[in-house]
Amino acid sequence: MANTPRTPLKREQIARRIAQDFADGAIVNLGIGMPTLAANYIPAGREILFHSENGLLGFGPAPEKGKEDPNLVNAGKEFVTMLPGGCFFHQADSFSMTRGKHVDVAVLGGMQVNPRGDLANWKIKGAELGSIGGAMDIARGAKQVFVAMTHTTNKGEPKIVNELTYPITALKCVTRIYTDIAVIDVGPKGLVLREVAPGYSAADVQAVTEPKLTYEKEPAVIAI
Amino acid sequence: MLNKIVYSLATAVADVRDGATILVGGFGGAGVPEGLITALLRQGTKDLTLIHNNAGRDETSIAPLIKHDRVAKLICTFPEAKTAYIFRDKFLAGKIKLELVPQGTLAERIRAGGSGIEGFYTPTGVGTEVAEGKDRREINGVMCILEYGLRADFAFVRARLGDRWGNLVYNQASRNFNPMMAMAGKIAIAEVDDVVELGGLNPEHVVTPGIFVQRVVKTENLNG
């Protein structure tokens, strides 16, 4: 361990780690950006139904070049295909699915998370404009909310903080955080460090995390 | 005889007056009634309030109406986007007002408005800036905020097929906001790819019952 160089996870590796936590048969909503990549890494033998806020359940990968249909896009406005069994519905039904706790897992991007699981991810601090889109409803309504983000800002400041300073998306919603250096659960007593990236110790992760992390044993190394 | 077919886009929007409120269907580029928007632009109506998920998409969707200063206020969920540069400039210049709404709340406000429900309590947005000034109430142990139903003078919707009674079916992800917008517009105008004879739509497959639609018009390429 001591000899392993610190190796933060790449975006694709974070996405791959997240996908390992999708149970067979789960209904999953993927946010725009890094979360979308998780669809590429579903473990063999598991069937996952993807939900998109604009009215799709059971959509599949991007179409072949030349077969794109402007009427068949996901929430990120990317071209997709439908799997056999997939269906369409309107936006009010779509949000009945998320707000009504019918979606098992939502994977969202994050700007800040605190130990209570409050999330900020829709607007940069001090910006004139931000886009909420479906984030507030999805964060509030999914049974589990996974946040995918880098552990710190590009200036090195922690994104896991004691109190949010960015505009809030939803309170007490995040259940698990996946970063380039750790997997952290939001538990009833605060943050529990579960896994670390290769070459990192629990102390290394704590050093760039504002609230106190607890862990039962030395955390496992994320397999990459 | 009940015949809702109108024979041109220009005729369909001829009675939209200055100051009107219009629900405009679509999500990104899918399901946007581009023909009705172009016809309205040519007609010259101004001081509009538009309700639409996005804030324009490059030079399409509602962007031309914003560009030509026809829109006094926009109610939307996703105003900040690379493709919404026309809105951004007008907003920062103080030429257009914005009401920002979470997407699921927007969909439900429209469904409520079209269903004779004046308001409802939802957990979405609690603790965020969208809750500011709104009534808060704990129901069944869940903190909620009061949101009001939304209705409009007109709804511009985009569908694949319609008949002379106003029954509609949609095209995949182009359904999005269109069905509930049809319900909430005093005059709902459906721009369709094709008009079919009565009986041409399987009653089991009708998505929007004709009772919610006042006018059906076949799409034309006004920019061609």
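Residues numbered from 1 in each chain as written. Chains lettered and ligands numbered in written order. Predicted model: local features only at pLDDT ≥ 70, side-chain atom pairs only at ≥ 80, totals over all residues.

### Here's the deal with the overall build of chain B
The criterion, for reference: Under the scheme used here, helices are H or I runs from DSSP no shorter than 4 residues and strands are E runs no shorter than 2 residues, and both carry numbers assigned from the N terminus. Comment: burial labels come from other C-beta atoms within 10 Å of the residue's own C-beta, placed from the backbone, where a count of 20 or more is buried, 12 or fewer is exposed, and between is partly exposed. Residue pairs qualify as contacts under a 7 Å threshold applied to their C-beta atoms, which are placed from the backbone.
Assigned secondary structure in chain B consists of six helices and 12 strands. Taking the principal axes of its C-alpha atoms as reference, chain B extends roughly 50 × 45 × 30 Å. For chain B, buried positions account for 53% of its 224 residues. Within chain B, counting contacts between residues at least 6 apart in sequence, those at least 24 apart form 77% of the total.

### What to know about the overall build of chain A
Under the convention used in this document: For the radius of gyration, the atoms used are the C-alpha atoms, and the globule rule reads 2.2 Å times the number of residues raised to 0.38.
Each helix and strand in chain A was counted, giving five helices and 13 strands. Here the C-alpha atoms of chain A give a radius of gyration of 18 Å, agreeing with the 17 Å that 2.2 N^0.38 yields for 224 residues. Counting only C-alpha atoms and orienting by the principal axes, one finds that chain A spans roughly 50 × 40 × 30 Å. By residue count, 47% of the 224 residues in chain A fall in the buried class. Intrachain contacts of chain A at a sequence separation of at least 6 include 63% that bridge at least 24 residues.

### Description of the environment of B:Val207
Residues and elements named next belong to chain B. Note that Val207 resides in the loop between β11 (185–195) and β12 (215–218). Among the residues examined, Val207 registers 19 C-beta atoms within 10 Å and is labelled partly exposed. Considering only alpha carbons, one finds Val207 and Arg175, 32 residues apart in sequence, at a separation of 9.1 Å.

### Quick look at the interface of chain B and chain A
The condition is simple: Any residue outside Ala, Val, Leu, Ile, Met, Phe, Trp, Tyr, Cys, Pro, Asp, Glu, Lys and Arg is labelled polar, Gly included; the first ten of those are nonpolar and the last four are charged.
Listed per partner, the contact involves 36 residues of chain B and 30 residues of chain A. Sorting the residues of the side of chain B that touches chain A by element identifies α4 (85–92), α5 (103–114) and α6 (178–184) of chain B as the ones contributing at least two each. The biggest single contributor to the side of chain B that touches chain A is α5(B), with six residues. Across the side of chain B that touches chain A, the residue classes tally to 16 nonpolar, 14 polar and six charged.

### Thoughts on unusual backbone geometry
Of note in this structure, A:Lys77 is not a glycine but carries a positive phi near 65°. Among the structural elements, A:Lys77 can be located in the loop between β3 (56–60) and β4 (81–88). With phi around 55°, B:Gln172 is a residue other than glycine that occupies positive phi space. With respect to the element layout, B:Gln172 can be found in the loop between β10 (168–169) and α6.

### Brief notes about helix α2 (residues 34–43) of chain B
Residues and elements named next belong to chain B. Within α2, seven of the 10 residues are buried, leaving the element largely enclosed by the surrounding structure. Next to the buried residues of α2 lie α1 (9–12), α3 (63–67), β9 (152–162) and β11. The positive-phi residue at the C-terminal boundary of α2 is Gly44, with phi of around 95°.

### So, the confidence of the model for chain B
Note the following rule: By definition, pLDDT measures how confident the predictor is in each residue, and it falls between 0 and 100.
Chain-level statistics for chain B give a pLDDT mean of 97 and a share of 100% at 70 or above. For this predicted complex, the interface score ipTM comes out at 0.95, while the overall pTM is 0.96.

### As for the sheet that holds strand β6 (residues 119–122) of chain B
Strands pair in a sheet through their backbones, by hydrogen bonds, and they do so in one of two ways: parallel or antiparallel. Residue and element names in this part refer to chain B. Heads up, the condition is: Strands are labelled as partners when DSSP assigns at least two bridges between them. The angle between two axes is taken between their N-to-C directions and runs from 0 to 180 degrees, where each axis is a line fitted to C-alpha atoms and a helix contributes only its stretch in contact.
On the basis of which strands lie adjacent, the open sheet formed by three strands has the order β6-β8-β7 and antiparallel pairing. The two strands at the open ends of the sheet, each matched to only one other strand, are β6 and β7 (136–139). The sheet shows a mean angle of 40° between the axes of neighbouring strands, direction not considered. Two strands pair when backbone bridges link them, and β7 and strand β8 (residues 142–148) are joined in this way by four bridges, in the antiparallel orientation. By the bridge assignment for β8, Arg136 is matched with Ile145. Contacting β6 and β8, α5 crosses the sheet at an angle of about 150° to β6.

### A few points about the environment of A:Pro219
Along the chain, A:Pro219 turns up in the loop between β12 (213–214) and β13 (220–221). Ignoring anything within four residues of it in the chain, the contact list for A:Pro219 reads A:Leu193, A:Arg194, A:Glu195, A:Val196 and A:Ala202.

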